[in-house]
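# Structure assessment
Residues per chain are reported as follows:
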Amino acid sequence: LFLLWSPVQREFSPVMQGVFQSMETYLKLKTLISAMMGVTNGIALAVIGLELPAAWGLLTFLANFIPNIGGPVISLVPCLISIL
């Protein structure tokens, strides 16, 4: 997270500046979306009454950085545990 808001020297070509800007925007949005998904999942699991909803929310936040499968898979695991 430090690299997202750190003042990095960007005295490169205009193309590289565009690449850095795009990467920075992507990482900021990915972090924000992951945080929102983790909080939402944690709240939903707390409402259901599952144990350790904050831990599951944190795992959802971290797993959401795995493209396409991380967030949904880790969101389904507590649901399966609650069925058992």
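Our subject is the structure listed above.
A few words on the overall build of the protein. Helix and strand counts for the protein come out as four helices and zero strands. Taken from N to C terminus, the helices and strands of the protein fall in the order α-α-α-α. Looking at the protein as a whole, 25% of its 84 residues qualify as buried. Of all intrachain contacts in the protein linking residues separated by at least 6 positions in sequence, the fraction that spans at least 24 positions is 40%. Split by element, the accessible area of the protein, about 6,200 Å² in all, is 77% carbon and sulfur.

Here the focus is the packing of aromatic side chains. Under the counting rule described, the total for this entry stands at one aromatic pair. Ring centres 5.5 Å apart and planes at 90° place the aromatic pair F61 and F65 in the edge-to-face group. A residue is classified by how much of its surface remains accessible, and F65, at 34% relative accessible area, is partly exposed.

Before going further, it helps to examine the packing of helix 2 (residues 14–48) against helix 4 (residues 70–83). Two elements in contact, helix 2 and helix 4, have axes whose closest approach is 11 Å; the angle formed by their N-to-C orientations is 10°. When the interaxial angle is binned, helix 2 and helix 4 end up roughly parallel. When helix 2 is examined against helix 4, the residues M37, N41 and L45 are found in contact with a partner set consisting of G71, P72, S75 and P78. Here the contact of helix 2 with helix 4 is built from residues that sort into four nonpolar, three polar and no charged.

With that settled, the discussion passes to unusual backbone geometry. Of note, L52 is a non-glycine position whose phi angle comes to about 55°, a positive value. When you line up the elements, L52 lands in the loop between helix 2 and helix 3 (53–63). Its relative accessible area of 61% is what places L52 among the exposed residues. A positive phi is found at N68, a non-glycine position, where the angle reads about 70°. When you line up the elements, N68 lands in the loop between helix 3 and helix 4. On the basis of relative accessible area, N68 is assigned to the exposed category, the value being 77%.

The rules behind these values
Residues numbered from 1 in each chain as written. Predicted model: local features only at pLDDT ≥ 70, side-chain atom pairs only at ≥ 80, totals over all residues. Heavy atoms only, no water. Helix = DSSP H or I, 4+ residues; strand = E, 2+ residues; numbered from the N terminus. Buried < 20%, exposed > 50% of the residue type's maximum accessible area, 1.4 Å probe, protein only. Contact = heavy atoms within 4.5 Å. Areas by Shrake-Rupley, 256 points an atom, 1.4 Å probe, with all protein chains shown as cover. Phe/Tyr/Trp six-rings, centres within 6.5 Å; stacked < 30°, edge-to-face > 60°. Axes fitted to C-alpha atoms, helices over the stretch in contact; angles between N-to-C directions. Parallel < 35°, antiparallel > 145°, perpendicular 65-115°, else oblique. Nonpolar A, V, L, I, M, F, W, Y, C, P; charged D, E, K, R; others polar.

Any functional reading would require information beyond the geometric quantities listed.
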